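# Reading the structure
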Amino acid sequence: MTTVGKVIKCKAAVAWEANKPLVIEEIEVDVPHANEIRMKIIATGVCHTDLYHLFEGKPKDGFPVVLGHEGTGIVESVGPGVTEFQPGDKVIPLFVSQCGECRFCQSPKTNQCLEGWSSGGHERMSSLETRFTCRGQKVLQFTGTSTFSQYTVVNQIAVAKIDPSAPLDTVCLLACGVCTGFGAAVNTAKVEPGSTCAIFGLGAVGLAAVMGCHSAGAKRIIAVDLNPDKFEKAKVFGATDFVNPNDHSEPISQVLSKMTNGGVDFSLECVGNVGVMRNALESCVQGWGVSVVVGWTDLHDVATRPLQLIGGRTWKGSYFGGFKGKHDVPQMVKAYLDKKGKLDEFITHRMPLESVNDAIDLMKNGKCIRTILSLE
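What this report covers is the structure whose coordinates are included nearby. (Residues numbered from 1 in each chain as written. Predicted model: local features only at pLDDT ≥ 70, side-chain atom pairs only at ≥ 80, totals over all residues. Heavy atoms only, no water.)

### Some details on helix H12 (residues 356–364)
- Taken as a whole, H12 has its buried residues at Val356, Ala359, Ile360, Leu362 and Met363. The buried residues of H12 all sit within an arc of 155° when viewed along its axis, so they share a single face.
- The elements touched by buried residues of H12 are strand S1 (8–15), strand S2 (23–29), helix H1 (48–57), strand S17 (347–352) and strand S18 (370–374).
- At the C-terminal side of H12, Gly366 shows a positive phi close to 65°. (Buried < 20%, exposed > 50% of the residue type's maximum accessible area, 1.4 Å probe, protein only. Helix = DSSP H or I, 4+ residues; strand = E, 2+ residues; numbered from the N terminus. Arc of directions from axis to C-beta. Contact = heavy atoms within 4.5 Å.)

### Concerning the nonpolar core
- Ranked by internal contacts, the top residues of the largest apolar core, which has 107 residues, are Leu22, Phe148, Val171, Val191, Cys213, Leu268 and Phe346.
- Per-element accounting of this core gives the leading share, eight residues, to helix H6 (residues 204–215).
- Membership of the second largest hydrophobic core comes to twelve residues, among which are Val224, Val264, Val276 and Ala280. (Core = buried A, V, L, I, M, F, W, Y, C linked by side-chain atoms within 4.5 Å.)

### Here's the deal with the pairing of strand S12 (residues 220–224)
- Among the five residues of S12, four are classified as buried, and the element is accordingly described as predominantly covered.
- As judged from the five bridges shared by strand S11 (residues 196–200) and S12, these two strands associate in the parallel manner. Counterpart to Ile199 in the pairing with S12 is Ala223.
- In this region the chain leaves S11, passes through H6 and returns to the parallel neighbour S12; the handedness of that crossover is right-handed.
- Relative to strand S13 (residues 241–243), S12 runs parallel, the two being bridged by three bridges. Paired with Ile222 across the strands is Asp241, a residue of S13. (Pairing = 2+ DSSP bridges. Right-handed = clockwise from strand over helix to strand, strands pointing away.)

Structure, rendered in structure tokens:
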């Protein structure tokens, strides 16, 4: 029986409030409005940003919400004005819009867009407009996507059409973590052949940054993490050295400076901790070192001494690895299909949607790289 033009009832993991387990509920998903696409979500990764909203950011008006933003799906129906997509298309919903018309989209200097959910909902991580209801009340759509639901509705400016041969239970990683880390190295830092790099934090984003540095031709890639068990995984992506700050009595920036004759050429902070951001900057060589802030957080100010920058270091940030989503994500999918990039190696666990709280616990306790939830 066709669902086109009808409200769909389906399962979703709802976060009713901060610091509480998600609840598997039956929600109602409205028909797509003008310029919107309704899609059946096939698979989704569990990303640290989902946990950040639930346990750290905790915006008072950011609940109830369906989390998830690293998913893949198949178009079920489209609203008026949609001509680029049709039912059956394989797609990746994007938390970074690309309207193609605003001054940001028109500029090659940024991948940000003035349209989409973030234009008015940055603090709560969602727009107040939603196509979800549950138990008679409105449920927010996290970053405009909400991939912890069997169906979702997304504006067409935040959807990428991908190769129909792509395995949806794997390429979902390109919706956030892998593009974020890889792009931070190749697009934002612009890592150079023969350079020395340091990656702080070896979750999926950090490992993708290692992969990006390796792809760019870095000669030495130093992986920094408190968990020594992650180094073998980091070597798979191209890391050459591993440093555990707990093994040293002096600051990690001094350790790296001694290892590299004055500091690394490029450093990438992939944790979301302002102290680590400072350490990453101060690990760079004076004169030309570039440090990129990749980890997501908005809780504390970040600081350093002015001489760290006056001396010639560059400190910059990266959002979704600098990729323009609608245009670049399909190219990243193609690179994976052409065996020019790794994805399978990031996946440590696979679970059904009903086990979402187990997946969250794995990430909270550092027991996974990426867990993929199946929604079929």
